[in-house]
Every structure is written in C-alpha cells, then in structure tokens.
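Commentary on secondary and tertiary structure
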Amino acid sequence: MSSQRPILLRGGRVLDPSRNIDDVGDVLVSDGRIESASGRIGSHDDAEIIDCDGCIVSPGFIDVHCHLREPGREDVETIATGARAAAAGGFTAVCAMPNTDPVTDNQAAVGFIIRQAQRADASRVHVIGAISVGQMGERLAEFGEMVAAGAVAVSDDGKPVVSAQLMRTALEYARSFSIPVIDHCEEPTLALGGSMNEGIVSARLGLKGIPSEAEEIMVIRDILLARRSGGHVHLAHMSTHGSVELIRWGKDRGINVTAEVCPHHVSLTEERILSYDTNAKMNPPLRTAKDVEALRNAVKDGTIDMIATDHAPHHYDEKEREFADAPNGIVGLETALAVAVTNLVKRGHIDFRTLVEKMSCAPARLFGLPGGTFAHGSPADVTVFDPQLSWRVDPSEFLTKGRNTPYAGMTLEGRAICTIVGGKVVHRLASDGANARQSRASSG
Ligand SMILES: [Zn+2]
Ligand SMILES: [Zn+2]
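Cut-off values and rules
Residues numbered from 1 in each chain as written. Chains lettered and ligands numbered in written order. Predicted model: local features only at pLDDT ≥ 70, side-chain atom pairs only at ≥ 80, totals over all residues. Heavy atoms only, no water. Helix = DSSP H or I, 4+ residues; strand = E, 2+ residues; numbered from the N terminus. Rg over C-alpha atoms; globule rule 2.2 N^0.38 Å. Buried < 20%, exposed > 50% of the residue type's maximum accessible area, 1.4 Å probe, protein only. Contact = heavy atoms within 4.5 Å. Areas by Shrake-Rupley, 256 points an atom, 1.4 Å probe, with all protein chains shown as cover. Lys, Arg positive; Asp, Glu negative; His and termini not counted. Charge placed at Lys NZ, Arg CZ, Asp CG, Glu CD. Donors = N, O, S within 2.8 Å, 3.2 Å for Na, K, Ca; no water. Salt bridge = Lys/Arg side-chain N within 4 Å of Asp/Glu carboxyl O. Core = buried A, V, L, I, M, F, W, Y, C linked by side-chain atoms within 4.5 Å. Pairing = 2+ DSSP bridges. Axes fitted to C-alpha atoms, helices over the stretch in contact; angles between N-to-C directions. Parallel < 35°, antiparallel > 145°, perpendicular 65-115°, else oblique. Nonpolar A, V, L, I, M, F, W, Y, C, P; charged D, E, K, R; others polar. Phe/Tyr/Trp six-rings, centres within 6.5 Å; stacked < 30°, edge-to-face > 60°. Lys NZ or Arg CZ within 6 Å of the ring centre and 35° of its normal. Disulfide = S-S within 2.5 Å.

1. Focus: the overall build of the protein
- Check the secondary structure of the protein and you find 13 helices and 18 strands.
- Relative to a compact globule of 444 residues, whose C-alpha radius of gyration would be 22 Å, the protein shows 21 Å and is just as compact.
- If one aligns the C-alpha atoms of the protein with their principal axes, the spans along those axes are about 65 × 45 × 45 Å.
- Considering the protein as a whole, with its 444 residues, one finds that 62% of them fall into the buried category.
- Considering only contacts within the protein whose residues lie at least 6 apart along the sequence, 75% involve residues at least 24 apart.
- Put simply, the protein shows about 16500 Å² of open surface, and 48% of that area lies on carbon and sulfur atoms.
- Put simply, the protein has 45 plus and 58 minus side-chain charges, and the middle of one group is 2 Å from the middle of the other.

Put into structure tokens, the structure is as follows:
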C-alpha cells in the first residue's frame, strides 16, 4: 500500500468543514495520507494528476447505517458488492448493521466482516455489533469482545429494543467503551401489522398504518435513558416532525443524543405509495409533507447530525409481493449524494458545506471513526463529486446487487466522480455523461 503513487487532485473546490476551509485549490495525497490540502501545490514529480475543475473535493463520505447482508444472504448483497457500491456512491467508509444470519453478536463474527472487507479492497467497512445476543432482546451481547475485534457501535437495528431496562443497561455498558448505541425507534405494539404511515393516505388505500407515535415514544424513552445513564444514544432514520422536537428538547438539556436522517425521508412523502410501489416501502415509512419539511429544517439547524442511507437490498422476487407483505427497505448507497444534493442543496435548504458536514465530518467525529478531515497526516479518504452533473437513475447500472429503489428513472443532480480510500482510487466515474471529464483527466 505504501508504494502507491502520490495523487494530486488539482483545481477543485476544496471543502473541509473540519478545518473551516472552502477554497479552490489542490489536494496532495501520498503514502495513504493527506499531505497537503490548501492552496495551489503546482507541479509534483511522479504524481498522478486528477483534474477536479468544477468539482467539490471533500473528506470522504461515511455512512453510519447500511445493511450488507453477508453472512446469510449473499444472493442479495455481499460485503464486497456493498463496499463497491459504497465507493461508487462517494462513500469511503460504511458501517454494517449486524442483522445478518447469523447475527453479528460476537468477536468472531466481527472479525469475519473485517476480513471480508479487507479482501473487497473498496470502501472501508466498519462493523456494528448487536446489542443483544441474536438480537433477541433478552441478554446483552459481549460489547467488550466485539469492540476489541473492531466494532465501532452496537445496534439491534431492524428490531427495536423492547425492554427499557435492557436499553438502559446497554447505554451504561456502551458508555464504558465510548461507543454509541444505535437505536431503531419503533414501539412494536403500535407498529404491529403496519406497512405505511398512518393517516389519510393509508385510510384511502386500505393499508394498516404506523403512527408517528410508534417512533416518538421510543425517541423520548431513549433520550431519557441516555440522560439517566450518561450513555450516547444515536437515533437512526428519523422520520417525523415530533421526533425532531424531542431531539431538540434533549439536545437543549445537554443529553448525549445524536440523530441521522435518510435521503428518502427528506425527499419523498407517503403519496409515493398511492401506486402501491413496494420500492417505496421502508421502515420507518415515508411520512407527510409536514414531516419532510421539519426534517429538512432539522438538518439545517443541527438537530439532525448526519445523513445515513439505511441501504437495504432485497431480492427482486421478495419486493414483488403484495404491498403489505413485501419486505421493508430500499438501496441507497449509489443515490444518497444525488438525492441530498437535489432535494436539500439545490432547493436551498442547506449549503454544500453543511452537506459535507452531515455526510463526512459529523459521522467521523461523533462515532470516533478515522476520516472526516483533510488535516495533515490523516487517512487519504477523499470524495470528489460534481455538484452540477445531472444523471438518470438506472438501477441496472448499480454495483449493489439490489435494484429496489424508488428513484428509478428520475433525473438527479450531483455525482461522485472519484473516490479515494487510503490514497488509492477505488472508484472513477466512467459513464457516458462523464466522458468529457474523463478525457480531460490526465495522468502523469
Ligand atoms: Zn432500523
Ligand atoms: Zn437499517
């Protein structure tokens, strides 16, 4: 790895919120590290030069929430295909949820994923261990052993932690390892049998709904438990305006709570389900325009700390079922950036600096992960994206094995041109739309 050629990223808009830098200039990486990231570097012997004119060059994106399905469902995704999809989407690192088969709830299982990720040689894959053994919600998994093997957080994502006592203990225990507990906020008796948001649309479609309160009850329960325990609770995939108010309440009181929003919850509403499209079925469900507006404002004002994909590939046949019976979830690694640029930045809700903060700096800082900065000597994880490039989403071109996306056929703006992990190029855009750029990018 250390014998790689240096790379000079020339003439892009270098945007590094961690150091308050936003200037047109060059970034030089060598030996897998950031050598320099400010001003003009000029010529450099034997460096590969990548022309970044018109692009934003930022610390690499980090997705704290994705499902890579291995072990157990390698027909749907593997760690390798997920890591390559991540690289194509501009993510230099992702965190894999533990709801695999078997569940990632012990040291050996954590080690397996790390080894598979190293072999994949694409984006970094960090491991999230389970909160409870087998995600059964009964007994805590051995956090210490999982952390020793490399786990960066714990979660029973896919399932709520029903027992408040278990969640309390998890927060206390996780605190001693300085890792967050990632919370899938869902009160199961209220959510039971629901397949979309509860409201006028669900009534019209005759589908059982999931009320906002199913999420919010767990949000406030676990904010209160974080206050009691001093542990760090990270609230996954927030979807309601009520949750935003509760997070604000917690943060105003100095409670150790952070939160993420997914691109789909800030770009689509429950109306999308009027056609019974199972590619718009996810958990938590798409909500109302009022919720979307509140979530966008919460990204802007800092109530929501980060943008995470909840990338959840499913087999085609499984999504072909009746709406109520189809599995939840959509793929997101390859559309997240464009959905956020198109719906948050281009509509004036946030600027690019905030986008990079939410997709890179905050995940690194709040989860204690490498990256998220161009500070001298930090890992050379870099995302180069063209904020103007518009492209049509064609799921058949995805590197993920999943095709389940509600954005198929849509034209979005913003795309990763080049993704660099540890000083090595792991993705270079080579679609028709980028041919001009590709031909301008010279080598040597
Ligand atoms: Zn979840
Ligand atoms: Zn999830």
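From this point, the narrative continues.
2. With respect to the coordination of the zinc ion (ligand 2)
- Within the protein, His-65 (NE2), His-67 (NE2), Asp-157 (OD) and Asp-310 (OD) serve as the donor atoms for the zinc ion (ligand 2), at 2.1 to 2.2 Å.
- The motif formed by the donor residues of the zinc ion (ligand 2), counted along the single chain, is H-x1-H-x89-D-x152-D.
- The zinc ion (ligand 1) is placed at 3.6 Å from the zinc ion (ligand 2), the two being bridged by Asp-157.
- The class for His-67 is buried, based on a relative accessible area of 4%.

3. Some remarks on the side chain of Thr-78
- By the element assignment, Thr-78 lies in the loop between β6 (61-66) and α1 (79-88).
- Those residues within four positions of Thr-78 in sequence are excluded, and the remaining contacts are Leu-68, Glu-70 and Lys-401.

4. Examining the pattern of salt bridges
- In total, this model carries 15 salt bridges according to the counting rule given.
- Note that Asp-75 is salt-bridged to Arg-73, the shortest N-O span being 2.9 Å.
- Residue class for Asp-75 comes out partly exposed when judged on its relative accessible area of 44%.
- A salt bridge links Asp-277 to Arg-272; the shortest N-O distance between them is 3.2 Å.
- By relative accessible area, which is 23% here, Arg-272 ends up partly exposed.

5. Overview of the nonpolar core
- Ranked by internal contacts, the top residues of the largest apolar core, which has 69 residues, are Val-125, Leu-235, Met-238 and Leu-355.
- Ignoring anything within four residues of it in the chain, the contact list for Val-125 reads Leu-68, Ile-79, Ala-83, Val-94, Ala-96, Ile-113 and Ala-117.
- Residues Ile-50, Cys-52, Cys-55 and Ala-380 belong to the second largest nonpolar core, which totals 21 residues.

6. Considerations on the coordination of the zinc ion (ligand 1)
- The zinc ion (ligand 1) binds to the protein through Asp-157 (OD), His-184 (ND1) and His-237 (NE2), with metal-donor distances spanning 2.0 to 2.1 Å.
- In terms of primary sequence, the donors binding the zinc ion (ligand 1) are separated according to D-x26-H-x52-H.
- Judged by its relative accessible area of 3%, Asp-157 falls in the buried class.
- Its relative accessible area of 4% is what places His-184 among the buried residues.

7. What to know about the sheet that holds strand β10 (residues 181-183)
- Across the sheet, which stays open at both edges, the eight strands sit in the order β6-β7-β8-β9-β10-β13-β14-β15 with parallel pairing between neighbours. Edge positions in the sheet fall to β6 and β15 (306-307), since each has one partner strand and no second.

8. Considerations on the packing of helix α7 (residues 212-229) against helix α8 (residues 241-252)
- In the contact formed by α7 and α8, the axes pass within 9 Å of each other and the chain directions differ by 10°. Relative to α8, the element α7 is oriented roughly parallel. Of the residues in α8, those in contact with Glu-215, Glu-216, Val-219, Ile-220, Ile-223, Leu-224 and Arg-227 of α7 are Gly-242, Ser-243, Leu-246, Ile-247, Trp-249 and Gly-250.
- A class-by-class count of the residues in the contact of α7 with α8 yields seven nonpolar, three polar and three charged.

9. Focus: the packing of aromatic side chains
- A complete count under the given rule lists five aromatic pairs for this structure.
- When the ring of Tyr-173 is compared with that of Phe-177, the centres are 5.4 Å apart and the planes differ by 70°; the resulting orientation is edge-to-face.
- Between Arg-415 and the ring centre of Trp-391, over which it is positioned, the NZ or CZ distance is 4.0 Å.

10. Details of the state of the cysteines
- For the coordinates displayed, the defined rule picks out zero disulfides.
- The thiol sulfur of Cys-95 is not disulfide-bonded, and the nearest other cysteine sulfur, from Cys-66, lies at 7.3 Å.

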